[in-house]
Amino acid sequence: MGLLLSVFGGGGSVLATPLLLYIVGIRDPHVAIGTSAAAVAVNAAVGLLVQARAGRVKWPCALVFGGAGLTGSLIGAHIAKQIDGSQLLIWFALAMALVGGSMLLPRKGEGDAGVRLNGAMTLKLAPAGAVTGLAAGFFGIGGGFLIVPGLMAATGMTLANAAASSLVSVVLFGAATSASYAASGLVNWPVFAALVGGGAIGSALAIPVGRMLATRVAVARVGFALMVLATAAYVAWRALR
């Protein structure tokens, strides 16, 4: 997860739940979702510190978006906990398909690096954040594939600024979602610790891997997107069985 997130800038966290279910052996989908959400929040917080030091985070815009979605993420998590595990996995497979599909879309780096929050932007950011938070809480994922384009569309900021600023929302949404699941006893803390430790190792490995893929990042991204789509199909198949 740490390697994929660091190399591709998103999408890796969505693989956490199926990995916990089908590789690690956690049987309850709710526990898998709650545990992965907690690990995603911690890993995103580490990434946020790095991006903040580099000056890429647009804090006013990021806080409006994330603050508006915080309540939505709690509502989404509460709704998800009321749904049967098999049905929830079908919805989760749909979210994975959307993530994989979004990674196949071309990305544009143009935008205003000096963007400043104003009233018009706030009116766009708040509802977009609320909807995204609801989805992130329901599916138990970081939601970066929705946050980044949402920030860019509402403010006109660059892709680099949006990717960095999105981590604020990922931390908030992940923390709120995992807190809701933890309150219901649906977080496996030893597995959470292992995910965080492994994520740190993967992030470190991403530096040499990123250099290796520097000239083939587009091809690698397509391959990763196809893997996410294939995993989504497998999750749906298992859930329907």
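Structure first, text after, so check above.
Source: prediction; values computed, not measured.

Trainee: It is not clear to me how the overall build of the chain should be interpreted in this structure. Could you clarify?
Mentor: Looking only at helices and strands, one finds ten helices and zero strands in the chain. Put simply, the chain runs from its N terminus to its C terminus through helices and strands in the order α-α-α-α-α-α-α-α-α-α. Taken over the C-alpha trace, the chain has a radius of gyration of 17 Å; the compact-globule value for 241 residues is 18 Å, and the two agree within 12%. Within the chain, residue pairs in contact and separated by at least 24 positions form 84% of the contacts whose partners lie at least 6 positions apart.

Trainee: Where do I start with the side chain of Ser-73 in this structure?
Mentor: Among the secondary structure elements, Ser-73 is positioned in helix H4 (residues 59-81). A relative accessible area of 0% places Ser-73 in the buried class. The contact partners of Ser-73, leaving out residues within four places of it in the chain, are Gly-133, Leu-134, Gly-137, Phe-173, Ala-176 and Thr-177.

Trainee: Can you help me understand the packing of helix H3 (residues 29-53) against helix H8 (residues 159-183) in this one?
Mentor: Each pair of packed helices gets described by two things: the angle between the helix axes and the distance between those axes. At a closest axis distance of 7 Å, the pairing of H3 and H8 adopts a crossing angle of 150°. What the angle tells us is that H3 and H8 run roughly antiparallel. Of the two possible hands of crossing, H3 and H8 adopt the one that is left-handed. Between H3, through His-30, Ile-33, Gly-34, Ala-37, Ala-38, Val-40, Ala-41, Ala-44, Ala-45, Gly-47, Leu-48 and Gln-51, and H8, the contact on the second element is made entirely by Ala-164, Leu-167, Val-168, Val-170, Val-171, Gly-174, Ala-175, Thr-177, Ser-178 and Tyr-181.

Trainee: Looking at this structure, how should I read the packing of aromatic side chains?
Mentor: The description of an aromatic ring pair rests on the distance of the ring centres and on the angle between the ring planes. Inspection of the entire model under this criterion finds five aromatic pairs. Residues Trp-91 and Phe-138 carry aromatic rings whose centres are separated by 6.3 Å and whose planes lie at 90° to one another, so their mutual orientation is edge-to-face. Residue Trp-91 is located in helix H5 (residues 85-103), and its partner Phe-138 is located in helix H6 (residues 119-139); the two are separated by 47 residues in the primary sequence. For Trp-91, a relative accessible area of 45% corresponds to the partly exposed category. Among the aromatic side chains, those forming a connected cluster through ring pairs are Tyr-22, Tyr-234 and Trp-237.

Trainee: I tried to follow the environment of Gly-199 on my own but got confused; where do I start?
Mentor: On the secondary structure map, Gly-199 appears in helix H9 (residues 189-212). When the C-alpha atoms of Gly-199 and Arg-53 are compared, they prove to be 20 Å apart, with 146 residues separating the residues in sequence. Residues in contact with Gly-199, not counting those within four places in the same chain, are Gly-2 and Asn-43.

Trainee: Would you explain H5 in this entry?
Mentor: Owing to its 3.6 residues per turn, the α-helix aligns residues three or four sequence positions apart on the same side. Between its first and last C-alpha atoms H5 spans 27 Å; for 19 residues at 1.5 Å apiece the expected length is 27 Å, and the two agree. One side-chain oxygen at the N-terminal end of H5 lies 3.1 Å from the backbone nitrogen of Ser-86; it belongs to Asp-84.

Trainee: Where do I start with a nonpolar patch on the surface in this structure?
Mentor: A grouping of Leu-19, Ile-23 and Val-24 is seen on the molecular surface, where their side chains present a nonpolar patch of about 300 Å² in accessible area. Owing to a relative accessible area of 52%, Val-24 belongs among the exposed residues under this scheme.

Trainee: I'm lost on H6 in this one. Help?
Mentor: Between its first and last C-alpha, H6 extends 31 Å over 21 residues, near the 30 Å set by a 1.5 Å rise per residue. Those residues of H6 not exposed but buried are Met-121, Leu-125, Gly-129, Thr-132, Gly-133, Ala-135, Ala-136, Gly-137, Phe-138 and Phe-139. Where H6 is buried, its residues touch H3, H4, H5, helix H7 (144-155) and H8. The backbone nitrogen of Ala-120 has a side-chain oxygen 3.2 Å away, supplied by the residue at the start of H6, namely Asn-118. Directly beyond the C-terminal end of H6, a positive phi value near 70° is found at Gly-140.

Trainee: What am I meant to see in the packing of H7 against H8 here?
Mentor: For the pair H7 and H8, the least separation of the axes is 8 Å and the interaxial angle reads 130°. Between H7 and H8, the angle falls in the class oblique. Judged by the twist between their axes, the crossing of H7 over H8 is right-handed. Of H8, the residues touching H7 (which contributes Gly-144, Ile-147, Val-148, Leu-151 and Met-152) are Leu-159, Ala-162, Ala-163, Ser-165, Ser-166, Ser-169, Val-170 and Phe-173. Per-class residue counts for the contact of H7 with H8 are nine nonpolar, four polar and no charged.

Trainee: Where do I start with the nonpolar core in this structure?
Mentor: By size, the foremost hydrophobic cluster in this structure holds 36 residues, and its most contacted members are Val-14, Met-96, Phe-139 and Tyr-181. Broken down by secondary-structure element, the contributors of at least two residues to this core are helix H2 (16-24), H3, H4, H5, H6, H9 and helix H10 (217-240). Dropping the residues within four chain positions of it, Phe-139 is found in contact with Ile-33, Trp-91, Phe-92 and Ala-95. Val-40, Val-57, Ala-162 and Val-171 belong to the second-largest nonpolar core, a separate cluster that totals 24 residues.

Conventions we followed
Residues numbered from 1 in each chain as written. Predicted model: local features only at pLDDT ≥ 70, side-chain atom pairs only at ≥ 80, totals over all residues. Heavy atoms only, no water. Helix = DSSP H or I, 4+ residues; strand = E, 2+ residues; numbered from the N terminus. Rg over C-alpha atoms; globule rule 2.2 N^0.38 Å. Contact = heavy atoms within 4.5 Å. Buried < 20%, exposed > 50% of the residue type's maximum accessible area, 1.4 Å probe, protein only. Axes fitted to C-alpha atoms, helices over the stretch in contact; angles between N-to-C directions. Parallel < 35°, antiparallel > 145°, perpendicular 65-115°, else oblique. Left-handed = near helix turned anticlockwise from the far one by under 90°. Phe/Tyr/Trp six-rings, centres within 6.5 Å; stacked < 30°, edge-to-face > 60°. Expected span 1.5 Å × (residues − 1). Polar contact = N/O pair within 3.5 Å; in protein donor to acceptor, adjacent residues only side chain to side chain. Patch = residues over 30% accessible without salt bridge, like charges linked within 9 Å, V, L, I, M, F, W, Y side chains within 5 Å. Areas by Shrake-Rupley, 256 points an atom, 1.4 Å probe, with all protein chains shown as cover. Salt bridge = Lys/Arg side-chain N within 4 Å of Asp/Glu carboxyl O. Nonpolar A, V, L, I, M, F, W, Y, C, P; charged D, E, K, R; others polar. Core = buried A, V, L, I, M, F, W, Y, C linked by side-chain atoms within 4.5 Å.

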